[in-house]
Each structure stands twice: as C-alpha cells, then as structure tokens.
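# Summary of the model geometry
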Amino acid sequence: MAEQIRVPKGLAGVAVTETSISKSDPSGQLIYRGYPIEVLAEKSNFEEVAFLILKGYLPKKYELEEFSSKLQREMRLDERIYTLMKLFPPNSDPMDVIRTAVSFIGSLERKDSLESKQISIAAKLAVIVPNSHRALLNHEFVKPREDLSYAENMLYMLTSKIPEKEDAWIFERELIFYMEHDLNASSFTVRVVASTLSDPYSSVTAGLAALKGPLHGGANEEVMEYILRLRPEDAENFVREELKAGRKIMGFGHRVYKKFDPRAVLSKKYLELLARKKRDGERIYKVCDMLEKAVWALKQIPPNLDFYAAPIFYLLGIPVSLNTPIFASSRVFGWLAHYSEQLEENKLFRPDAIYVGKKDLKYIPIETR
Ligand code: COA
C-alpha cells in the first residue's frame, strides 16, 4: 500500500487543487479573477461581478445586458416550490427551507446546458431566500419586480419596501463581498460533490448544508445577538469574559486573514455611513468599534466580514435569521464557478484516513452478548 501523507487538521495550509476564480491572501488582499476587491466594490455592480466570477472575464455591455435579463427571467418560481416552502414547521431554520427548495428545483427542471442550470439556480435562490422567512411566518409570498436591479430586487423582497439608492448600494457591496472566497468550507464541499460528477443542484444543496454551520456562514447571525445585547461600555468586559471562558467570539478570526479582512475594513466604512441615518445606528456602530478594539487589544484577532455585514443587514431592516441565507444567495455564484472549474480537470476527491479504531475483535452472537 502507498505510504499515507499526514496533513494538518482541517487541511490548514494544504493546497488541494488549483483555481483561477479568486484568491485571499494573509496580507489582507482579495482578488476576484485578478481584480482587487476594493476596485470591484468601488466601480462595479452585482450582476457584473457575478458574470466575472462565473465566466472569468468582465462582460461587454451587450453580454451584461443579456446576462442580467436571463437572471431576471429565471427568477420566476414554479408554484410547487412555494407549496413546498409552506410545509415547514414555523420554527424551522430558513437555511433548511432553502436547502430543501434548491434540491427540489433539481427534480422539477429539465434544462440542457450547464449554463442554463447555473443561472436558474442562482436567480431562483434570490427569490427563495426572502420567501423562506415569509413561509415560516405564514405571510404572503413576495415576487420580484422587473424594474429593479438584482440587489435592489433582493432588498425589496427582504424588506417589502422599494429601497433608497444608497441603502441598495451598500447592500450590493455586501453581496459582492460574500460572492466568492477561494476554497472555503462550502466551496470545497461543492467541489467534492462535483468531483463525483453529481449535478449542480446537488452540489449547491451540499454547499448550503456546509454554509449553515456557525463556524462558516452561521456566524453572521450569532454576531447580531451580542451586538444587540451590549452597550459600548460593556464591550471590553464582554470580550474579556468570553476569552476567559475559552469561547470563540463570532465574527472574529479567519483561516487566511490574520491582520485584517479587506471586506470587513470596507464594510466598517459602509456601516458608519448607514449608522448616521438609521435609528439606533450610532449605538450599534459604537458597540462594533469598541468590540473590534477590545478583541485586537486582548487577542490580536481582526473582525471578519460577518462582523460588519450583520449590523449592516440589521440596519437595513432585514430579519437576522436571513443573514446566512443572504450570504448563500450571493455565494451561489462562487459555488457554481467552482463546480465548472472542478469539472474542467476533474479528479474524484477521495482522501484517506488513518485508522485508529480497534482490530481483530472476536464476534459474539447476539444471544450471548
Ligand atoms: N474568538 C476568540 N479566539 C479566537 C477566535 C475568535 N473568534 N478565532 C480564533 N481564535 C483563537 C483560537 O482560540 C486560537 O487561539 P490559541 O492559539 O490561543 O488556542 C487561535 O485564535 C487560532 O484559532 P483557530 O481556531 O485555530 O484558527 P482557524 O484558522 O482554525 O479558525 C475560524 C478560523 C474562522 C474558524 C475561527 O477564527 C472562528 O471560529 N471564528 C469565529 C467564527 C466566525 O466568525 N466564522 C466566520 C469566518 S469568516
């Protein structure tokens, strides 16, 4: 038998594949298909970045128009998906509703090309996410509008209000930041499923399952729980107590970024802008700022994107239980790009494990056990 190679737990620092989709760097850099995140945040919009992530290049004007109208068209949901969403018990996690709905789309659709499947999954997720919450509250479903951009439409469906331009702009930046992040746990999951030659619906369903966990996408909901509970003057004590108890502070730390997360740096600026004009905004901003300073002073760990996206979503009037689903609605473009890239030079992921269990046990029949 070939010798086993032992790698660090969690595959930390192990490169298991090549990618040209994005790269995060310990120095605090993030590029999507070669473009720095700061440039895309300043100059681009959601549809353009989604095209870039999926196809690998910036679209020409007509390509972008075509892509945007395909997304718009594919937002229409089969009535059976709405019926399915109504079956969930009211205390269900919206991520469970979404995961099941995406899996169901896979059974309903008969699309030929990979591209049409990708656009359909991503566009439908944007409608399923806000409606997962409505289904659990037994509220009427909301349908997308044709006169709004992708991000505006999502914010409209999430809040039931046509958004102000600046609010939609800030929301769109957060969606762009959530879209892709090289080989994070959910994208790796998607690639593992893709490597078995399973379909994109199944791969995205698996990605959603991985994203739900609090060490990955779930963090942006836990963050809001303590931000809402704390006053600025309580922040340092809270951090001290959490660290003393050996608990992780959600929204801080990252496998790659050890000094700063560039998406968190930009999001903090957007939060400051938003906080000035929203009720309770100034207090929330101050709590975040004090928490960031305290965690850095006591443990030298920087905030990650979730730490600033959570209060932004909150101030935009989005229910906290939709924070992780929103993350999913954007990351789906990254997942689908990983799906395609995995298939380009596919090799089944099938690692090995070191067996540490018992051996050579004597089987005792059930009657005499
Ligand atoms: N709060 C307190 N301490 C933290 C921390 C946090 N959020 N994140 C990391 N640390 C500490 C660890 O306790 C460990 O300390 P030690 O060396 O004294 O034992 C050290 O930093 C290294 O952490 P480790 O968990 O090994 O790093 P990782 O690369 O495996 O973890 C995360 C990355 C994201 C899993 C981790 O930072 C975390 O759990 N963060 C909170 C959840 C979160 O916000 N997730 C969203 C990620 S975008």
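Residues numbered from 1 in each chain as written. Predicted model: local features only at pLDDT ≥ 70, side-chain atom pairs only at ≥ 80, totals over all residues. Heavy atoms only, no water.

## Remarks on the overall build of the protein chain
The number of helices and strands found in the protein chain is 16 helices and three strands. With the principal axes as the frame, the protein chain shows a C-alpha extent of 70 × 55 × 45 Å. Counting over 369 residues, the protein chain shows a buried share of 50%. Restricting the contact set of the protein chain to residue pairs at least 6 apart, pairs at least 24 apart contribute 75%. Put simply, the protein chain shows about 18900 Å² of open surface, and 53% of that area lies on carbon and sulfur atoms. (Helix = DSSP H or I, 4+ residues; strand = E, 2+ residues; numbered from the N terminus. Buried < 20%, exposed > 50% of the residue type's maximum accessible area, 1.4 Å probe, protein only. Contact = heavy atoms within 4.5 Å. Areas by Shrake-Rupley, 256 points an atom, 1.4 Å probe, with all protein chains shown as cover.)

## Some points on the environment of Ile31
Position of Ile31 among the secondary structure elements: in strand β2 (residues 29-32). C-alpha separation for the pair Ile31 and Glu180, spaced 149 residues apart in sequence, amounts to 9.5 Å. Setting aside anything within four residues of it in sequence, one finds Ile31 in contact with Ile21, Ser22, Lys23 and Pro36.

## Examining the packing of helix α2 (residues 46-55) against helix α3 (residues 61-73)
The geometry of α2 relative to α3 is characterised by a closest axis approach of 10 Å and an angle of 100 degrees between their N-to-C directions. Regarding the angle of α2 to α3, the classification is roughly perpendicular. Contact residues: Glu47, Glu48, Ala50, Phe51 and Leu54 in α2; Glu63, Leu64, Phe67, Ser68 and Leu71 in α3. Tallied by class, residues from the contact of α2 with α3 come to six nonpolar, one polar and three charged. (Axes fitted to C-alpha atoms, helices over the stretch in contact; angles between N-to-C directions. Parallel < 35°, antiparallel > 145°, perpendicular 65-115°, else oblique. Nonpolar A, V, L, I, M, F, W, Y, C, P; charged D, E, K, R; others polar.)

## Re the nonpolar core
In this structure, Tyr32, Phe171, Tyr226, Ile227, Leu291 and Phe333 are the most contacted members of the largest nonpolar core, which totals 110 residues. Tallying contributions element by element places helix α6 (residues 114-137) first for this core, with 11 residues. Taken domain by domain, this core gets at least three of its residues from each of domain 1 (18-215 + 320-344) and domain 2 (219-315). Those residues in contact with Tyr226, other than ones at most four positions away along the chain, are Phe238, Ile249, Met250, Phe252, Leu291 and Phe307. (Core = buried A, V, L, I, M, F, W, Y, C linked by side-chain atoms within 4.5 Å. Domains from an automatic or database assignment.)

## Focus on the layout of surface pockets
Counted as a void, the second largest pocket has a volume near 580 Å³. Of the residues that constitute the lining of the second largest pocket, the class distribution is 12 nonpolar, two polar and four charged. (1 Å grid on protein atoms, 1.4 Å probe; cavity = no way out; pocket = protein on both sides within 12 Å on 5 of 7 lines; lining within 4 Å. Points joined across faces, edges and corners; volume = space filled by probe spheres on them.)

## Considering helix α11 (residues 219-229)
Listed in full, the buried residues belonging to α11 are Ala219, Asn220, Val223, Met224, Tyr226 and Ile227. The inward-facing, buried residues of α11 contact α8 (165-178), α12 (235-244), α14 (281-299), α15 (305-315) and α16 (323-344).

## As for the sheet that holds strand β1 (residues 22-25)
Note on sheets: strands pair through backbone hydrogen bonds, and any given pair is parallel or antiparallel. Pairing in this open sheet of three strands is antiparallel, and the strands run β1-β2-β3 from one edge to the other. A single partner strand is all that each edge strand has here, and the edge strands are β1 and β3 (35-36). Taken together, the two bridges between β2 and β3 define a ladder with antiparallel strand orientation. Note that in β3 the partner of Tyr32 across the bridge is Tyr35. (Pairing = 2+ DSSP bridges.)

## So, unusual backbone geometry
Trans is the common state for peptide bonds, and a negative phi is the common state for residues other than glycine. Positive phi outside glycine occurs at Leu11, with the angle close to 55 degrees. Tracing the backbone shows Leu11 in the segment before β1. One non-glycine residue, Asn138, lies in the positive phi region at around 60 degrees. Considering the arrangement of structural elements, one finds Asn138 in the loop between α6 and α7 (150-159).

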